[in-house]
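Examination of the molecular architecture
Spelled out, the chains give:
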Amino acid sequence: MSFSGDTRRRFTVAVQKLEFEKIIDRVARFASSEPGRDHAHRLSPSTDPSLIRTELQSVSEAKELLIAEGSFPLDGIKNIASALRKTLIDNQV
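A brief look at the structure comes next. Residue positions are given per chain, counted from 1 along the sequence in the order it is written. Only residues with pLDDT of at least 70 get local features here, since the model is predicted, and only at 80 or more are side-chain atom pairs given and counted; chain-wide, interface and lining totals rely on the full set of residues. With hydrogens and water excluded, all non-hydrogen atoms of the structure serve as input to the side-chain values.

1. A word on unusual backbone geometry
The phi torsion at E19 lies on the positive side, around 50 degrees, for a residue other than glycine. Strands here are runs of E lasting at least two residues and helices are runs of H or I lasting at least four, both read from the DSSP assignment and numbered beginning at the N terminus. Mapping E19 onto the fold places it in the loop between α1 (5–17) and α2 (20–29). Classification of E19 by relative accessible area gives partly exposed; the value is 41%. In this scheme, a residue with accessible area under 20% of its type's maximum is buried, one over 50% is exposed, and one in between is partly exposed, where area comes from a 1.4 Å probe on protein chains only.

2. Some words on the packing of α2 against helix α3 (residues 34–41)
Lines are fitted to the C-alpha atoms to define the axes, a helix being fitted only along its stretch in contact, and any angle between axes, read from their N-to-C directions, falls within 0 to 180 degrees. Relative to each other, α2 and α3 sit at 165 degrees, their axes nearing to 8 Å. Put simply, α2 runs roughly antiparallel to α3. Regarding α2 and α3, the two cross each other, and that crossing is right-handed. Residues I24, D25, V27 and A28 of α2 lie in contact with α3, whose contacting residues are R37, A40 and H41. Tallied by class, the residues present in the contact of α2 with α3 amount to four nonpolar, one polar and two charged. Should an angle fall under 35 degrees it is taken as roughly parallel, and over 145 as roughly antiparallel, whereas 65 to 115 is taken as roughly perpendicular and any remaining angle as oblique. Should the near helix be turned anticlockwise from the far one by less than a right angle, the crossing is left-handed, and should it be turned clockwise, the crossing is right-handed. We call two residues contacting when some pair of their heavy atoms lies within 4.5 Å. For this classification, the nonpolar set comprises Ala, Val, Leu, Ile, Met, Phe, Trp, Tyr, Cys and Pro, the charged set comprises Asp, Glu, Lys and Arg, and every other residue, Gly included, is treated as polar.

3. Focus on α2
When α2 is considered as a whole, its buried residues turn out to be F20, I24 and A28. In an axial view of α2, the angular spread of the buried residues amounts to 75 degrees, which keeps them on one side of the axis. The exposed set on the far side of α2, more than 90 degrees from its buried face, consists of K22, R26 and R29. Where α2 is buried, its residues contact α1 and α3. The arc under discussion is defined with respect to the helix axis, by the directions toward the C-beta atoms.

4. Quick notes on the pattern of salt bridges
Each reported salt bridge corresponds to a side-chain nitrogen of Lys or Arg within 4 Å of a carboxyl oxygen of Asp or Glu. Taken as a whole, this structure holds four salt bridges when the rule is applied. The shortest N-O distance in the salt bridge between D6 and R10 comes to 2.7 Å. Taken together, the positions of D6 and R10, both in helix α1 and four residues apart, correspond to about one turn of that helix. Owing to a relative accessible area of 39%, D6 belongs among the partly exposed residues under this scheme. Residues E19 and K22 are paired through a salt bridge, measuring 3.2 Å at the closest nitrogen-oxygen approach. One salt-bridge network, held together by shared partners, links D6, R9 and R10.

5. Some thoughts on helix α4 (residues 49–69)
Relative to the 30 Å expected for 21 residues at 1.5 Å per residue, α4 spans 30 Å between its end C-alpha atoms, a close match to the ideal helical length. The backbone nitrogen of S50 has a side-chain oxygen 3.0 Å away, supplied by the residue at the start of α4, namely D48. Looking one or two residues beyond α4, the residue adopting positive phi is G70, at roughly 90 degrees. Between the first and last residue of a helix there are one fewer steps than residues, each counted as 1.5 Å, and that sum is the expected span. In the analysis that follows, any N or O atom pair within 3.5 Å is treated as a polar contact, provided that within protein one partner can donate a hydrogen and the other can accept it, and provided that, for residues neighboring in sequence, both atoms belong to side chains.

Set out below in structure tokens:
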């Protein structure tokens, strides 16, 4: 995000007042995998209206799915990052 100095300051103050880091820590605790927790900790607020609309639509769709189908079966998710790294070809661009 590129802000002017005053806008950046107000944004920073708002993020602090909303205790965004505490919210992210709480969200991360609900993640069922380490990659999910890592992803949660990389989240940041957006000021892009288009991105916000898209994300809100995704959340609405997930909520509707949860209401209609019940919980998602996430207990079998495994971190396969190390296995994927082993598949990399040396000197591949």
